[in-house]
Amino acid sequence: MKARKIVDGVQWMGVIDWDRRLFDALIPLPDGTSYNAYLVQGSEKTALLDTVDPETWPLLERQLENVPRLDYVVIQHAEQDHSGSLPMVLERYPEAVVLTHKKCQTILETHLEFPHERIRAVEDGDSVDLGGKTLQFHYVPWVHWPDTMATFLPEDGILFSCDFFGSHWADSELFAGEKHEVMDAAKRYFAEIMMPFKPQIRKHLETVKELNPKMIAPSHGPVFDRAAFIRDAWDEWVNASPKNSVLLLYVSMHGSTEAMARILVEELADRGVRVRQIELTQADLGKIAAELVDAGTILIGTPTVVSGPHPFALNAAALANLLKPKAMFAGIFGSMGWGGKVVQKLAAALPDFKGELLEPVLCKGLPDAEAAGKLAELAETIATKHREAGLGE
């Protein structure tokens, strides 16, 4: 891609990575991603905000061919998909100074080889004047590393937000508009990466509201030319109560736990509770994470394997524990041959879950009438607790 104009004096300079399918050896990328760098040119000085993943440096280098001078390189976050090409940029522009927060400076000096004396640390609230373009720096730690900062350009109302408000979404269009597919990708990104940091993000959202940007230009995904579109979505994901919905995650070896899942779905639906059922052996981690954003209750179904839960069920519990969703209730159900410690071991995988653990439902083999009755009781309990908690759609 060529450099693309956002407004006069501001260009997107980045890489669309259409084919990448895994991030950090952990996060699936079904729609690819992008690494966004931005060039801001004032009447006196020029700054590059962030770089790109080092493997894609030649694509950024090509865009910089028409940039004869670079005064500053602003690094907002030390993770290598943002900072990895910094040594190459500094070699190309020997007079450029690196501007970054002191926390980021420490990490950069640990992870990258370049002349460290070229770094100038900035503090929250500092600014630099490029000549008619001012870069204001705002420290936003734990979105999602302790080093992250965002940069505001008040003359044009653009917030360069780094990973804040990002999305793993490859697209030839520069601007997001209000496309639902971009919002879906943004929600998935929030769920996979940012959800554990809701308390910190809550504070930073207030800073964004005070700045009141017209546009938000993140480091992944398209530019949000209508800032409120993504800001309001994050506000809901962080601050709103969970919804009247159940995320039902299950794995079944011989069909018994699957039969229990079907009964639960029917009983919950009959009581007006939305259910999202996901079978775990071929599940997409990102889809599970996205559903966790709004779920009022998490249900995990598992057969018994050597006295304990199936490993996929344990992984699901560990994921829910790691991401710290807003769910208020959790439950366990499943089938066994003769006995075991399914409930104890799954509950132990949720040490950080702050909600209520509901009475489990276990049966031997296929669910009989008694088991079906207990599953109906579990559904009634969930529906009642959702109503009492005021969970809506």
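Structure's up top.
Residues numbered from 1 in each chain as written. Predicted model: local features only at pLDDT ≥ 70, side-chain atom pairs only at ≥ 80, totals over all residues. Heavy atoms only, no water.

Visitor: Is there a simple way to think about the overall build of the protein chain in this case?
Guide: Helix and strand counts for the protein chain come out as 12 helices and 21 strands. Taken along the three principal axes of its C-alpha coordinates, the protein chain extends 80 × 40 × 35 Å. Expressed as a percentage of its 393 residues, the buried residues of the protein chain come to 56%. Residue pairs in contact within the protein chain that sit at least 24 positions apart in sequence constitute 72% of those at least 6 positions apart. (Helix = DSSP H or I, 4+ residues; strand = E, 2+ residues; numbered from the N terminus. Buried < 20%, exposed > 50% of the residue type's maximum accessible area, 1.4 Å probe, protein only. Contact = heavy atoms within 4.5 Å.)

Visitor: What is the right way to read helix H10 (residues 311-323) from this model?
Guide: One full turn of an α-helix is made of 3.6 residues, so residues set three or four places apart face in the same direction. Between its first and last C-alpha atoms H10 spans 18 Å; for 13 residues at 1.5 Å apiece the expected length is 18 Å, and the two agree. Lys324 sits one or two positions beyond H10 and adopts a positive phi of about 55 degrees. (Expected span 1.5 Å × (residues − 1).)

Visitor: So what exactly am I meant to see when it comes to the pairing of strand E12 (residues 149-153) here?
Guide: As a general feature of sheets, a regular strand has side chains that alternate between the two faces. With five of its five residues buried, E12 lies for the most part within the structure. Of the two faces of E12, the one carrying Met149, Thr151 and Leu153 and the one carrying Ala150 and Phe152 are both buried. Here four bridges tie strand E11 (residues 134-139) to E12, and the two strands are oriented antiparallel to one another. The residue bridging Gln136 from the neighbouring strand is Phe152, located in E12. Summarising the sheet, E12 and strand E13 (residues 158-162) pair through three bridges and their orientation is antiparallel. The residue bridging Phe152 from the neighbouring strand is Leu159, located in E13. (Pairing = 2+ DSSP bridges.)

Visitor: Quick question: what am I supposed to make of the sheet that holds strand E1 (residues 4-7) here?
Guide: Strand pairing in a sheet is mediated by backbone hydrogen bonds. Such pairs are either parallel or antiparallel. On the basis of which strands lie adjacent, the open sheet formed by seven strands has the order E1-E2-E5-E6-E7-E8-E9 and mixed pairing. Of all the strands in the sheet, the pair left with one neighbour each is E1 and strand E9 (119-122). Averaged over all pairs of adjacent strands, the angle between their axes in this sheet comes to 25 degrees, without regard to strand direction. (Axes fitted to C-alpha atoms, helices over the stretch in contact; angles between N-to-C directions.)

Visitor: Which parts of the structure should I look at to understand the environment of Lys2?
Guide: For Lys2, the position within the fold is in the segment before E1. For the pair Lys2 and Val182, spaced 180 residues apart in the sequence, the C-alpha separation amounts to 22 Å. Contact partners of Lys2, with chain neighbours within four places excluded, come to Trp12 and Gln63.

Visitor: Just checking my understanding: could you explain unusual backbone geometry for this structure?
Guide: Excluding glycine, residues mostly carry a negative phi; peptide bonds, for their part, are mostly trans. Residue Val143 is joined to His144 through a cis peptide bond whose omega torsion reads 10 degrees. Topologically, His144 is positioned in the loop between E11 and E12. Of note, Ala25 is a non-glycine position whose phi angle comes to about 55 degrees, a positive value. Positionally, Ala25 belongs in the loop between strand E3 (22-23) and strand E4 (27-28).

Visitor: Looking at this structure, how should I read the packing of helix H5 (residues 180-194) against helix H9 (residues 285-292)?
Guide: In a packed pair of helices, the relevant descriptors are the angle between the two axes and the axis-to-axis distance. Close contact between H5 and H9 brings their axes to 8 Å; oriented N to C, the two are set at 90 degrees. With respect to each other, H5 and H9 are oriented roughly perpendicular. The residues of H9 that touch H5, namely those facing Lys187, Arg188, Ala191 and Glu192, are Leu285, Gly286, Lys287, Ala289 and Ala290. The class makeup of the residues in the contact of H5 with H9 is four nonpolar, one polar and four charged. (Parallel < 35°, antiparallel > 145°, perpendicular 65-115°, else oblique. Nonpolar A, V, L, I, M, F, W, Y, C, P; charged D, E, K, R; others polar.)

Visitor: I keep staring at the sheet that holds E11 and nothing clicks. Help me out?
Guide: Ordered in space as E10-E11-E12-E13-E14, the five strands form an open sheet in which the pairing is mixed. Single-partner strands in this sheet number two, and they are strand E10 (127-129) and strand E14 (215-218). Neighbouring strand axes in the sheet, compared pairwise and without regard to direction, differ in orientation by 20 degrees on average. As defined by bridge partners, E13 adjoins E14 across four bridges and the pair is classed as parallel. From the neighbouring strand, Phe160 faces E14, where its bridge partner is Ala217.

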